[in-house]
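Here is how the chains run, residue by residue.
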Amino acid sequence: MIRLTHVTKTYARSGTALSDVTLRVGKGEFVFLTGPSGAGKSTILKLSYLEEMPTSGEVKVSGVSSATASRNDVAKLRRKLGIVFQDFRLLENRTAEQNVSFALEVIGTPKANIPNKVARALTQVGLASKANALPRELSGGEQQRVAIARALVNDPFLLIADEPTGNLDERATRGIFQLLREINAAGTAVVMATHNLELVRSSDFRTVELDHGKIVFDSAAEGAAS
Amino acid sequence: MSAWRDVGRDLRRAPVLNMLTVTTIAFSLFAFGLFGLVAVNIRAALLKVEERVEIRAFATEGTDVAPIAAAARQVQGYPEVMSATVVTEQQALARARQELGEFSDVFEEGFLPASIDVRLKEGHRDPASVKAVATRMHGFDFVDDVRFGEEWITQLYRLRNIAFVAGVALGLSFAGVAVIIIGATIRMAIMARAREISIMRLVGATDGYIKRPFLLEGMLKGLLGGMLAIAMTYFAMKSIEHYLHFETVFFERRFVILGVLAGALLGVVGSSLSVGRHLRQAI
Ligand SMILES: Nc1ncnc2c1ncn2[C@@H]1O[C@H](COP(=O)(O)OP(=O)(O)OP(=O)(O)O)[C@@H](O)[C@H]1O
Ligand SMILES: [Mg+2]
């Protein structure tokens with residue numbers, strides 16, 4: 001579903017971020033990406049939603065290849081992905097509900113279908129009662145739930161999360177992680193970059209560890225000690 | 001749909017700046033319009049003058065009317081020629097007397113040569129055609145001299161060509177300025193919405209969808225600027241007419257519409273370049 005084949009990524013200004021990375025993520029999988037700062041976690045995620053293109057090698061996501069995808073192909077692909085970040089990326093002047101419906105409006109979802117989908121997504125993340133709150137009226141954990149609701153509202157097959165708990169306290173972190181597990185249990189693949197090793201150890205999900213742009217450990221690889 | 005709402009919000013966000021943009025577009029097109037007006041009026045004057053462009057081939061004294069008439073029929077057959085009229089010696093004298101009125105005595109015993117007066121068809125009144133016909137008429141044995149106001153025809157055409165070239169050059173540079181200004185203001189609108197745009201791209205909005213409100217905004221400003229420019233040009237013309245007692249012609253209706261559409265086009269091009277560049281910065 002995600003396939004990185006011999007991917008090298010070089011940024012013009014800072015040099016090589018990934019070198020010769022080959023990685024496969026299957027349907028419905030839950031994968032942790034770990035490793036020190038600057039290891040290349042975010043770069044792998046950006047390549048996965050084709051925000052960045054590989055310098056060499058190929059990235060293929062759900063049949064869309066970095067080698068051939070047009071900008072329109074990328075847009076269409078992202079409608080089937082959910083993406084969340086450490087900093088939530090909500091629109092400050094819109095309510096929780098409006099932030100979620102925004103994702104549907106801008107891809108041309110028929111107006112009549114929007115309220116139902118939005119209500120379902122907000123319920124799924126446990127925020128139905130705060131639908132009319134503005135981001136600044138919500139806690140960090142709640143804001144991240146709004147962002148996740150926005151990511152889920154289109155029924156994605158893959159959720160990409162770049163340190164989604166990076167700005168949250170322990171309690172909120174547990175809550176968000178629990179939510180991601182539920183989402184995964186319902187069939188959506190999740191790839192999550194994190195520094196939180198406690199979280200990684202608390203579950204037996206696949207873990208891929210990066211260092212200096214290379215995969216140094218993959219719990220799914222043959223011979224990996226568990 | 002929501003594109004219009006976005007435009008409304010953008011316009012409200014910076015009303016002074018937006019008014020400035022519209023005014024600048026208007027002034028760019030106004031300069032263009034004034035120039036166009038000069039060109040239109042030169043053209044109108046030229047048309048009037050051109051109608052009078054005439055070639056006159058004078059016959060040697062004492063030539064019979066018959067060969068002159070035969071030559072005139074032949075000339076009438078040239079593709080450029082609208083009419084070729086024979087003026088006999090007597091007719092020439094009569095015409096001169098009539099035109100000169102009280103001085104007609106001067107011609108009591110005088111002599112005026114017979115001639116063939118030629119008018120050319122519209123579209124064949126340029127210096128080259130006139131000269132070509134004149135040269136051919138020189139070919140007739142009896143023709144003594146051919147006159148066709150060579151000097152001033154060439155002058156008029158040169159004037160028109162200068163007006164045309166200057167108009168195009170000036171128009172293009174103003175259009176360039178207008179595009180840059182629109183691009184800059186759209187860029188500010190884009191910056192104000194950069195976060196929104198990045199989220200749109202994240203959730204899979206197409207470039208076309210993201211561009212639409214900006215193109216609309218550019219088009220709207222361009223339309224307004226174009227209409228303002230037309231109004232300004234019109235009032236400029238009216239005051240010239242009023243204060244200089246100079247009879248002028250305004251643009252035909254289709255050119256007025258074309259001018260407003262040109263404003264809209266400038267707006268769309270300017271904003272399209274601007275938003276396109278922004279979107280290309282990230283893949
Ligand atoms: N847009 C960019 N332009 C230039 N260099 C970049 C860019 N993004 C990342 N890099 C560089 O690529 C390398 C990998 O960065 P990346 O963001 O993938 O690391 P990371 O593992 O996500 O780190 P962190 O845990 O701090 O988020 C770093 O050296 C970084 O400086
Ligand atoms: Mg990162």
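Residues numbered from 1 in each chain as written. Chains lettered and ligands numbered in written order. Predicted model: local features only at pLDDT ≥ 70, side-chain atom pairs only at ≥ 80, totals over all residues. Heavy atoms only, no water.

A. Spotlight on empty space enclosed by the protein. Overall, the coordinates contain five cavities of 30 Å³ or more when judged by the stated rule. Taken as a whole, the largest cavity encloses approximately 100 Å³ of empty space. Residue lining of the largest cavity: 13 residues in total, with Leu-81, Gly-82, Arg-150 and Ala-151 of chain A together with Val-203 of chain B positioned closest to the centre. For the lining of the largest cavity, the elements supplying multiple residues, two or more each, are β6 (81–85) and α5 (140–152) of chain A together with α7 (194–203) of chain B. Of the residues in the lining of the largest cavity, the class split is eight nonpolar, two polar and three charged. (1 Å grid on protein atoms, 1.4 Å probe; cavity = no way out; pocket = protein on both sides within 12 Å on 5 of 7 lines; lining within 4 Å. Points joined across faces, edges and corners; volume = space filled by probe spheres on them. Helix = DSSP H or I, 4+ residues; strand = E, 2+ residues; numbered from the N terminus. Nonpolar A, V, L, I, M, F, W, Y, C, P; charged D, E, K, R; others polar.)

B. The arrangement of the sheet that holds strand β2 (residues 15–25) of chain A in detail. Taken together, the four strands give an open sheet; going across it, the order is β2-β1-β4-β5 (chain A), and neighbouring strands pair in antiparallel fashion. Of all strands in the sheet, those with a lone pairing partner are β2 and β5 (64–65) of chain A, marking the two edges. (Pairing = 2+ DSSP bridges.)

C. Structural detail: the sheet that holds strand β1 (residues 54–59) of chain B. Residue and element names in this part refer to chain B. The antiparallel open sheet is built from four strands, whose spatial order is β2-β3-β1-β4. What marks the edges here is a single partner per strand, and that holds for β2 (81–87) and β4 (143–147). Along the sheet, successive strands turn relative to each other by an average axial angle of 20°, direction set aside. Both β1 and strand β3 (residues 115–120) contribute to a ladder of five bridges, which runs antiparallel. From the neighbouring strand, Ala-57 faces β3, where its bridge partner is Ile-116. Against the sheet, helix α3 (residues 65–76) touches β1, β2 and β3, its axis set at about 170° to β2. Against the sheet, helix α5 (residues 127–138) contacts β1, β2, β3 and β4, and its axis sits at roughly 170° relative to β4. (Axes fitted to C-alpha atoms, helices over the stretch in contact; angles between N-to-C directions. Contact = heavy atoms within 4.5 Å.)

D. Broad picture of the packing of aromatic side chains. Applying the stated criterion across every chain yields a total of 12 aromatic pairs over all chains. Between Phe-27 of chain B and Phe-30 of chain B the ring centres are 6.2 Å apart and the planes differ by 80°, which places this aromatic pair in the edge-to-face class. Of this pair, Phe-27 of chain B and Phe-30 of chain B both sit in helix α2 (residues 15–51), separated by three residues, roughly a single helical turn. Taking the relative accessible area as the measure of exposure, Phe-27 of chain B reaches 47% and is therefore partly exposed. Relative accessible area serves as the criterion here: at 16%, Phe-30 of chain B is assigned to the buried category. Seen in terms of ring centroids, Tyr-234 of chain B and Phe-235 of chain B are 6.0 Å apart; in terms of plane orientation they differ by 75°. Their pairing is edge-to-face. Judged by relative accessible area, Phe-235 of chain B falls into the exposed class, the value being 56%. Through successive ring pairs, a cluster of aromatic residues spans Phe-30, Phe-32, Phe-177 and Phe-205 of chain A. Above the face of the Phe-85 of chain A ring, Arg-89 of chain A is positioned so that its terminal group lies 3.6 Å from the ring centre. Over the aromatic face of Tyr-78 of chain B sits the side chain of Arg-136 of chain B, whose NZ or CZ is 4.0 Å from the ring centroid. (Phe/Tyr/Trp six-rings, centres within 6.5 Å; stacked < 30°, edge-to-face > 60°. Buried < 20%, exposed > 50% of the residue type's maximum accessible area, 1.4 Å probe, protein only. Lys NZ or Arg CZ within 6 Å of the ring centre and 35° of its normal.)

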